[in-house]
Amino acid sequence: MPPSPWSHTRSDSVADDIDFEIKGDDLQFVEIELDPGESAVAEAGAFVWKDASVQMTTVFGDGSADQGGGFMGKLLGAGKRLITGESLFTTVFTHTGSGKARVAFASPTPGSILPLNLGQLGGTLICQKDSFLAAARGVSIGLHFQRRVMTGLFGGEGFIMQRLEGDGWVFVQMGGALVERELAPGEELHIDTGCLAAYTPGVDFDLVMAGGVKSVLFGGEGLFFARLRGPGKVWIQSLPFARLAGRMLQAANHQGGNQGEGSILGGLGRMIDGN
């Protein structure tokens, strides 16, 4: 078997500099290798397996070292996670033995696990609300508020997104296939609002109209596109979980059809289409 293109060997870092390898194609999991004393933090329910020398502890919030203020600080951190769609708790996995030990975490939906070194991205990543899967100990999970009212109302992810900060490795889960785009200063990219997975803080996120009245009524693409303007990096997912869930619900109701997530015709559109 050829080695995974998404693998990592150690380098100096403030956060725990974990080694890892991502395995699988459509149903991926990340296998993290820990040295003695190193820890990985994961979303509750993501755990797959671990070596016996890796001890598991459940904590409030994200388990990062910057949750000051004692109990109230931890409670605030946990509350931020709840707002962004995550659990109140995270699980910290620490290697307490000698030699190497491994622990593995899996994405709950079909798609891609994206490994990102926050130190190489300026220390911050903005992503969809429920994208966090796991990270090296020391990465902080916070909130990012959309300041523009229209972007918050119609931007697909609402007013609140996740803000991941630190200098270590973080693993985010994306739906379907994944595309990374690097935008030059002033360069614009139009994306379906649900397909916007993550971007760096230097990117300006706004909305543009999808087209004229005919496009809005019959195009099935909704009212707006997400407009991303550089400089910075943007990650696009091909299959948002909401889209997958919508198609599954549609099939379960025996409604069929392919009217698109954003069509405002709903059942009328299906009647016109013969469904």
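Quick look at the structure, then.

Quick look at the pairing of strand 9 (residues 111–117)
- Of all seven residues in strand 9, seven are buried; the element is thus mostly enclosed.
- Bridging between strand 9 and strand 14 (residues 169–175) involves seven bridges; their strand directions are antiparallel. When the bridges of strand 14 are listed, L116 appears paired with V170.

Points about the nonpolar core
- In terms of nonpolar packing, the biggest core is built from 20 residues, with I18, V30, I32, F105 and F171 touching the most fellow members.
- Breaking this core down by element, the ones donating at least two residues are strand 2 (19–23), strand 3 (29–34), strand 4 (39–43), strand 8 (101–106), strand 11 (132–136) and strand 14.
- Apart from the residues lying within four places of it in its own chain, the contact partners of F171 are I18, F20, V30, I32, I113, L114, P115, S131, F132, L133, A134 and A135.
- Grouped together as the second largest cluster of nonpolar side chains are 17 residues, L116, L118, I141 and V172 included.

Brief notes about the sheet that holds strand 18 (residues 204–209)
- Spatially, 16-19-18 is the arrangement adopted by the three strands of the open sheet, whose pairing is antiparallel. Among the strands making up the open sheet, the edge pair consists of strand 16 (188–191) and strand 18. Neighbour to neighbour, the strand axes of the sheet diverge by 30° on average, direction disregarded.
- Across six bridges, the pairing between strand 18 and strand 19 (residues 224–229) is antiparallel. Within strand 19, the position partnered with M209 by the bridge is F224.

A word on the pairing of strand 17 (residues 196–199)
- Bridging between strand 10 (residues 124–127) and strand 17 involves two bridges; their strand directions are antiparallel. Within strand 17, the position partnered with I126 by the bridge is Y199.
- One ladder, built from three bridges, connects strand 17 with strand 20 (residues 232–237); its direction is antiparallel. Counted as the bridge partner of L196 is I236 from strand 20.

Some words on the pattern of salt bridges
- One pass over the structure, following the stated rule, counts ten salt bridges.
- One salt bridge in this structure joins E33 and R102, with 3.2 Å as the shortest N-O distance. Here R102 lies in strand 8 and E33 lies in strand 3, a separation of 69 residues in the sequence.
- Residue E33 is classed as buried on the basis of its relative accessible area, which comes to 17%.
- Using a relative accessible area of 32% as the deciding quantity, one classes R102 as partly exposed.
- A salt bridge links R181 to E187, with the shortest nitrogen-to-oxygen separation between them at 3.5 Å.

Comments concerning the sheet that holds strand 13 (residues 160–165)
- With antiparallel pairing, six strands are arranged side by side in an open sheet as 12-13-10-17-20-15. In this open sheet, the two edge strands, each paired with only one partner strand, are strand 12 (140–145) and strand 15 (178–183). Strand-to-strand twist of the sheet, defined as the mean angle between neighbouring strand axes without regard to direction, takes the value 25°.
- Of the strand pairs in this sheet, strand 15 and strand 20 are connected by six bridges, and their pairing is antiparallel. Its bridge partner being in strand 20, E180 is matched across the sheet by W235.

Here is what the cut-offs are and how they apply
- Residues numbered from 1 in each chain as written.
- Predicted model: local features only at pLDDT ≥ 70, side-chain atom pairs only at ≥ 80, totals over all residues.
- Heavy atoms only, no water.
- Buried < 20%, exposed > 50% of the residue type's maximum accessible area, 1.4 Å probe, protein only.
- Helix = DSSP H or I, 4+ residues; strand = E, 2+ residues; numbered from the N terminus.
- Pairing = 2+ DSSP bridges.
- Core = buried A, V, L, I, M, F, W, Y, C linked by side-chain atoms within 4.5 Å.
- Contact = heavy atoms within 4.5 Å.
- Axes fitted to C-alpha atoms, helices over the stretch in contact; angles between N-to-C directions.
- Salt bridge = Lys/Arg side-chain N within 4 Å of Asp/Glu carboxyl O.

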